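If you want the building blocks of each chain, they are given just below.
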Protein chains: 2
Amino acid sequence: MTRIGSRTTGRPTLAEVARLSGVSPITASRALRGISTVAPALVEKVITAAASLGYVANPAARALASARSHSVVVLIPSLSNQLFIDTLEAIHEVLRPRGMEVLIGNYHYDAAEEEDLIRNYMAYQPCGMLLTGFDRSDAARQMLQASGVPCVHMMELGDSEKAISVGFSQIEAGRAAARHLLESGRKRLAFVAAQLDPRVMQRAEGFRQVLAEAGKSAPELELLAPQLSSIGLGGELFSDLLAKAPDVDGIFFCNDDLAHGALLQALRQGVDVPGRVAMVGFNDLPASAHMVPPLTSIRTPRAAVGRGAAQALLALLDGKQVAVSRQDLGFELVVRESSC
Amino acid sequence: MTRIGSRTTGRPTLAEVARLSGVSPITASRALRGISTVAPALVEKVITAAASLGYVANPAARALASARSHSVVVLIPSLSNQLFIDTLEAIHEVLRPRGMEVLIGNYHYDAAEEEDLIRNYMAYQPCGMLLTGFDRSDAARQMLQASGVPCVHMMELGDSEKAISVGFSQIEAGRAAARHLLESGRKRLAFVAAQLDPRVMQRAEGFRQVLAEAGKSAPELELLAPQLSSIGLGGELFSDLLAKAPDVDGIFFCNDDLAHGALLQALRQGVDVPGRVAMVGFNDLPASAHMVPPLTSIRTPRAAVGRGAAQALLALLDGKQVAVSRQDLGFELVVRESSC
DNA sequence: GGGTAATAAGGTAGCGCTGTCCCAGGACAC
DNA sequence: GTGTCCTGGGACAGCGCTACCTTATTACCC
């Protein structure tokens, strides 16, 4: 029966566990939370009693009494990107076994929406937050600061010692792509991007640096589309680029979706890849290895970032000082046929 | 400063809102919850006061006092499948504006894990649950039943009047694929599947029915791989199938990932699609329209299912009897070059 | 052996809301 | 004018936990 209107939950409470194990509720609470001042014999008794009753602590009561929940808020700019799915999954894997609840906020690459999410999620008194990158509104930054909720930043590396970050250097990734294309003999290099978030722009920056160093800067070969990235858009941008600059012989795409679209478009148009133009993607999504030809891409440690960020947060909560405030997990250029 | 150890949250409380607006806390509570027994003038005063203080209700206190939270638990079998991402996103879109929190549980196509998730999430006293399909352990079913939490089932259609479902007929989808391939003149039809969840098996069933009705049953042309589906696997299964049964001239893949892998493999092997063999996918992921050749696929109303399920749940919570307990949102066969 | 210091357990009192009574006062019928 | 309803608003208590303080009990030193 639905107990609508009832004030009790019908579930076993801490008091019942305490009664069954012959201790006071506080001792039971401490035993279940693993607080060391309880005698091992009692701890065992309490745990047995809890198990036999099927007791699960009421998170609402817990949060109310301690002014701190066991929720971790994760803010990501997009769900439709496979990238963040892998990260989320890894975060769950680390936090759930530790009894943490994961609240996901998708702000659709919109600073105002992120701010709003932060304001709302603060009401849940989260015990920690995992944020994507460092780029956010001043108001958002202030709310985070004022709340005192521990934060870990994902995907980028911060410059300050205070902000904890787990990720890799987006600039270096851009540099690696450019270097690889130059080393394989390409001379007219293009950068094609959509969804111009800060990380994309950092990769662009790295790419530009290497071109400049090699005396091969070509700002006219940069295609920066503000709209959401997609396979279809990748095909269009590729066609546009080739029409505009037929001498292009190497392209770095800001993500694999665009690159996949371009590869398929090249197939349709009969453009030889890598013969006429080499392509490099970013993220190394599962499909990249199976494209025709297989796509060279920069493999990003998406799952590792999620795991690392979650673990760093747990360490913060345990009061340990996090050893490295800037955890660089690197990336890997996976060279395949599309760029040889 | 982190207020570790403090018992209060430092955030404005209902009592402060009440004081500022000159009413009692209960009246303030009622006003903010939109309970009609409060005079309009007072309601406005309370809302103004709340806004000026930046008051956001403490969900933990709320859940504790009413023995019911504002969380909705969504259980899905996989996150790595784009399919469920679209559904989740739509659910969020409907529930967040109504002040509901969405808790996501991914059970990785594992019944025991789903059961575990249900047990744990019950502690949050969710006000509703959105479930994927009907296939779950008896223990899980019993917990759901006993808890009295309103449930809506997604993706499949139930047979009972009591279980509320929003989805489409998986069997009909399988039938549609088979019918289309037969109508375009194909004679030796294969079914290729991985990740054999109940919905995949229902599509298989529909596919078989039509073949049987046309006297074209070919059980030897069914490839059922239990492992997780992926692009790579699609390619492998396609090669295997072609080697084993060179006379196959039409294939229905249980999802687009497999079909994409097969299309790419066909390109590599120089197998003419649709000349030698026609292909039909399922889900119509964004990439399908851009494949070479473009992939015929069955477009599933993923977002609509999420929206519909969330709205049905809201209706249930408002005490409205849901008009249709079985909401069939249909599907659409999108015919493209791969099957013509 | 008495004093101090640690240690283990419990008592008490909320955390911030809302369900459940209850009461005041106006509308209405007789 | 009295009784009955209804309606808007408030008092009260308690949801199930944990922070804080207090009290027993032991350990250990000089």
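Each remark here, short or long, concerns the structure printed above.
This write-up is about the structure you can find in this document. Model, not experiment: these values are computed from the prediction.

### What to know about the overall build of chain A
Phase 1: Helices and strands together make up the secondary structure of chain A, namely twelve helices and twelve strands.
Phase 2: Relative to the globule expectation of 20 Å for 340 residues, the C-alpha radius of gyration of chain A, 25 Å, shows a markedly less compact shape.
Phase 3: For chain A, the spread of C-alpha atoms along the principal axes amounts to about 80 × 45 × 35 Å.
Phase 4: Sorting the 340 residues of chain A into buried and exposed places 55% on the buried side.
Phase 5: Partitioning the intrachain contacts of chain A with sequence separation of at least 6 by distance along the chain shows that 70% fall at a separation of at least 24.
Phase 6: For chain A, the computed accessible surface area is about 14,000 Å², with 54% contributed by carbon and sulfur atoms.
Phase 7: Of the side chains in chain A, 33 bear a positive and 35 a negative charge, and the two mean positions are spaced by 9 Å.

### Examining the environment of B:Arg268
Phase 1: Structurally, B:Arg268 can be placed in helix 11 (residues 256-269).
Phase 2: Spatially, the C-alpha atom of B:Arg268 lies 9.8 Å from that of B:Gly235, the residues being 33 residues apart in sequence.
Phase 3: Aside from chain neighbours lying at most four places away, what touches B:Arg268 is A:His290, A:Met291 and A:Val292.
Phase 4: Here the side chain of B:Arg268 touches B:Gln265 through a polar contact of 3.1 Å, side chain to side chain.

### Observations concerning helix 9 (residues 198-213) of chain A
All names here are of chain A.
Phase 1: With 16 residues, helix 9 should reach 22 Å at 1.5 Å per residue; the first-to-last C-alpha distance of 23 Å fits that figure.
Phase 2: If you check which residues of helix 9 are buried, you get Arg-199, Val-200, Arg-203, Ala-204, Gly-206, Phe-207, Val-210 and Leu-211. The buried residues of helix 9 occupy an angular sector of 160° when the element is viewed end-on, so they sit on one face.
Phase 3: Contacts from the buried residues of helix 9 go to strand 3 (128-132), strand 4 (151-155), helix 8 (170-183), strand 6 (189-194), strand 8 (250-253) and strand 9 (278-283).
Phase 4: With a side-chain oxygen positioned 2.8 Å from the backbone nitrogen of Arg-199, the residue opening helix 9 is Asp-197.
Phase 5: Backbone geometry just downstream of helix 9 places Gly-215 in the positive-phi region, at approximately 65°.

### A short note on the pattern of salt bridges
Here the idea is simple: oppositely charged side chains can pair when their charged atoms come close.
Phase 1: Applying the stated rule across the entire model yields 31 salt bridges over all chains.
Phase 2: Note that A:Arg199 is salt-bridged to A:Glu156, the shortest N-O span being 2.9 Å. Highlighted residues: A:Arg199 in helix 9 and A:Glu156 in the loop between strand 4 and strand 5 (164-167), separated in sequence by 43 residues.
Phase 3: Residue A:Arg199 is classed as buried on the basis of its relative accessible area of 7%.
Phase 4: The shortest N-O distance in the salt bridge between B:Arg141 and B:Asp138 comes to 3.9 Å. Here B:Asp138 and B:Arg141 lie together in helix 7 (residues 138-147), a separation of three residues that amounts to about one turn.
Phase 5: Residue class for B:Asp138 comes out exposed when judged on its relative accessible area of 56%.
Phase 6: Counted as one network, the salt bridges with shared partners bring together A:Asp284, A:Arg299, A:Glu332 and A:Arg336.

Calculation criteria
Residues numbered from 1 in each chain as written. Chains lettered and ligands numbered in written order. Predicted model: local features only at pLDDT ≥ 70, side-chain atom pairs only at ≥ 80, totals over all residues. Heavy atoms only, no water. Helix = DSSP H or I, 4+ residues; strand = E, 2+ residues; numbered from the N terminus. Rg over C-alpha atoms; globule rule 2.2 N^0.38 Å. Buried < 20%, exposed > 50% of the residue type's maximum accessible area, 1.4 Å probe, protein only. Contact = heavy atoms within 4.5 Å. Areas by Shrake-Rupley, 256 points an atom, 1.4 Å probe, with all protein chains shown as cover. Lys, Arg positive; Asp, Glu negative; His and termini not counted. Charge placed at Lys NZ, Arg CZ, Asp CG, Glu CD. Polar contact = N/O pair within 3.5 Å; in protein donor to acceptor, adjacent residues only side chain to side chain. Expected span 1.5 Å × (residues − 1). Arc of directions from axis to C-beta. Salt bridge = Lys/Arg side-chain N within 4 Å of Asp/Glu carboxyl O.

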